Amino acid sequence: MTTTESSQSLMPTLAGHYYTDPAIFALEQSRIFETQWFCAVRSADIAEPGTYRTVQIGRESVLVSRGRRGEINAFLNVCRHRGARLCTEQQGQVKRSFQCPYHAWTYGLDGKLIAAPNLTDMPDVDRGELGLHHLAVREWLGYAWVCLADDPPSFEDTVVADVAERLGGAEEIGAYDVASLSLGTRITYDVKANWKQIIENFMECYHCATIHPELTEVLPEFADGFAAQYYVGHGAEFGDDVQGFTVDGSEGAERLPGVGEHQNRRYYAMTVKPQVFINLVPDHVVFHRMFPLAPDRTLIECDWLYHPDVVASGTDLSRSVELFDRVNRQDFDACERCQLAMDSRSYAAGGVLVPSEHHIGAFHEWVRTRIGEETRSHDRAS
Ligand code: FES
Ligand code: FE
């Protein structure tokens, strides 16, 4: 058909419209984000009973909150009376119930309908039937993962297996004890690009030598263009004169207690489908959650996590944070630059993947299968 077939070293990408078409995005929302486990909220952000956060998952606003017994609950953020959005703030705290601002229906922290004006006049009302719509929740790595599906896939076989496969074993991430870490810094990026651009960029390092001068200084092997994710279980080694994973290679914080010798002075990176990236370095963890909001807009909440003693001591973390903050900005600029061209005639049939990017092809196949799209991208565009 095109150069992609006559040359074994190049593979086709998705066609440009996959990154702009509202119909494709709608399928991704309903068949990916609303069916998979979605990493929604950092558990420590809702530490006290009654604290909550609202997040966008697929087409739904979701309310994630801490219950009276310390459990985490997730609900569709919709009043069961006439459908008003229950909580409009991104985060907050209620005393012991959520009250709808429209007609004052009141729900307990467990989602049960507990009061409604004049409800006693309606003896036939079954309050149990009118509670908030519950969603499946799992806590892992210090985050609440939510699944909107009625019949969620096994968390172990999807999320945990994804991480274990990438790292060459589940115990590898256990060494970092991610759930025990404290938040050092959080930066939220509002990126004008399709979520798939961001995943694809994160999966490859062909761009590292061009746009990441600080990162390739710390991880010299990245200058060759092979991402840590390219090989199963591979950690990229720090350069000889690098002391820590910081913007200038200066010393970082103390090594996390469980991190083994084979993990010391190494950087591991992984994508957890569909919307999480995790970076592991000896003294901290960088944890990204993406929230796809529109075909050309994605919000990314990025947490820098350290040993609780490091955060409590007030250690200056700025050089540590600045390294990956720069990397993020460099990456997201590149994603925005590509997004601008997705509707161009020149990209109607897509582009090509070079050998060090071929594993992105498996991600494209995964997306296509999930959304029930069997047609090859260049067939469809031709
Ligand atoms: Fe919520 Fe009426 S819509 S109480
Ligand atoms: Fe990058």
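Residues numbered from 1 in each chain as written. Chains lettered and ligands numbered in written order. Predicted model: local features only at pLDDT ≥ 70, side-chain atom pairs only at ≥ 80, totals over all residues.

Draft legend 1. Region of interest: the pairing of strand S10 (residues 134-140). Two strands pair when backbone bridges link them, and strand S5 (residues 72-76) and S10 are joined in this way by 2 bridges, in the antiparallel orientation. Counterpart to Ala74 in the pairing with S10 is Leu135. In this sheet, strand S11 (residues 143-147) lies alongside S10 in antiparallel orientation, the contact comprising 5 bridges. Bridging across to S11, Ala136 finds its partner in Cys147. In textbook terms, the turn of a hairpin is the stretch between consecutive antiparallel strands, and for S10 and S11 this stretch comprises 2 residues, one of which, Leu141, has a positive phi near 60°. (Pairing = 2+ DSSP bridges. Helix = DSSP H or I, 4+ residues; strand = E, 2+ residues; numbered from the N terminus.)

Draft legend 2. Expanded view of the domain arrangement of the protein chain. Assigned domains of the protein chain: these are domain 1 (38-140) and domain 2 (168-357). Here the C-alpha centroids of domain 1 and domain 2 sit 34 Å apart. Contacts between the two partners involve 6 residues from domain 1 and, on the opposite side, 7 residues from domain 2. Every element with two or more residues in the side of domain 1 that touches domain 2 is listed here: strand S2 (38-42) and strand S3 (51-57). (Domains from an automatic or database assignment. Contact = placed C-beta atoms within 7 Å.)

Draft legend 3. Broad picture of the sheet that holds S10. Strand order in this open sheet of 7 strands is S2-S11-S10-S5-S4-S3-S6, and the pairing throughout is antiparallel. Each edge of the sheet is formed by a strand with only one pairing partner; in this case those strands are S2 and strand S6 (91-93). Within the sheet, the average angular offset between the axes of one strand and its neighbour, ignoring direction, is 30°. (Axes fitted to C-alpha atoms, helices over the stretch in contact; angles between N-to-C directions.)

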